[in-house]
Amino acid sequence: QLVESGGGLVQAGDSLRLSCAASGGTFSKVTMGWFRQAPGKEREFVAAISFGGATTRYADSVEGRFTVSRDNAKNTVYLQMDSLKPEDTAVYYCAAYGVRWVMGGPLKSEYDYWGQGTQVTVSS
C-alpha cells in the first residue's frame, strides 16, 4: 500500500514536499516513481529513484526544480518541488516499479502499485 501526503495550494515560486509512505517488504528492492495527472490530460512521468537511491531520473519539465529522494529505513519516498509553476498543478501519484533490483523508467505501465494521489495546486 502506498499513501501520499503533502499536497496543497501554493503560489507560483513556492515549494512543497510530497511524501509517500509504503507498507510491505519490497520497498527497498524496487524503483519508486512519481507521476502526475492534470485535468483532461494523461498521467505523466515526473521522477524516479532507484531501489538504493543512487540513481534518479526526471522529466525534462521538472529537471532542476524537483528532487526525488528516499529513506528505506522509513519506507518513504519524497518529492521536493521548488520554483513551482501553475503548469505543475495536478494530482501527484507515487508508484512502485514492477521489477526488483533494476532502475525503472518513465513508462507508467511498468509500475505495479499506485497510491491514491495528492492534489497540488499552484496559483499564478
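Further up the page is the structure itself.
Everything numeric in this text was worked out from a predicted model, so none of it was measured.

Engineer: So what's going on with the packing of aromatic side chains? Residues and values would help.
Structural biologist: The relation between two aromatic rings is expressed through the spacing of the ring centres and the mutual angle of the planes. Evaluation of the coordinates by the stated rule reveals six aromatic pairs. Arranged with centres 4.9 Å apart and planes meeting at 55°, the rings of phenylalanine 35 and tryptophan 114 form a pair that is tilted. In this pair, phenylalanine 35 sits in strand S4 (residues 30-37) while tryptophan 114 sits in strand S10 (residues 111-114), placing the two residues 79 residues apart along the sequence. When its relative accessible area of 26% is taken as the criterion, tryptophan 114 is described as partly exposed. Members of the aromatic cluster, connected to one another through ring pairs, are Phe35, Phe45, Tyr97, Tyr111 and Trp114. The ring of tyrosine 93 has arginine 43 lying over it, and the distance from NZ or CZ to the ring centre is 3.7 Å. Geometry around tryptophan 114 places arginine 43 over its ring, the cationic atom sitting 4.9 Å from the centre.

Engineer: Can you break down the sheet that holds strand S3 (residues 16-22) residue by residue, with the values?
Structural biologist: Strand order in this open sheet of four strands is S1-S3-S8-S7, and the pairing throughout is antiparallel. Strands with a single pairing partner mark the edges of an open sheet, and in this sheet they are strand S1 (2-5) and strand S7 (66-71). Across the sheet, the mean angle separating the axes of adjacent strands is 15° when strand polarity is ignored. Direction of pairing for S1 relative to S3: antiparallel, over a ladder of four bridges. Bridge assignment links glutamate 4 to a residue of S3, and that residue is cysteine 20.

Rules used throughout
Residues numbered from 1 in each chain as written. Predicted model: local features only at pLDDT ≥ 70, side-chain atom pairs only at ≥ 80, totals over all residues. Heavy atoms only, no water. Phe/Tyr/Trp six-rings, centres within 6.5 Å; stacked < 30°, edge-to-face > 60°. Helix = DSSP H or I, 4+ residues; strand = E, 2+ residues; numbered from the N terminus. Buried < 20%, exposed > 50% of the residue type's maximum accessible area, 1.4 Å probe, protein only. Lys NZ or Arg CZ within 6 Å of the ring centre and 35° of its normal. Pairing = 2+ DSSP bridges. Axes fitted to C-alpha atoms, helices over the stretch in contact; angles between N-to-C directions.

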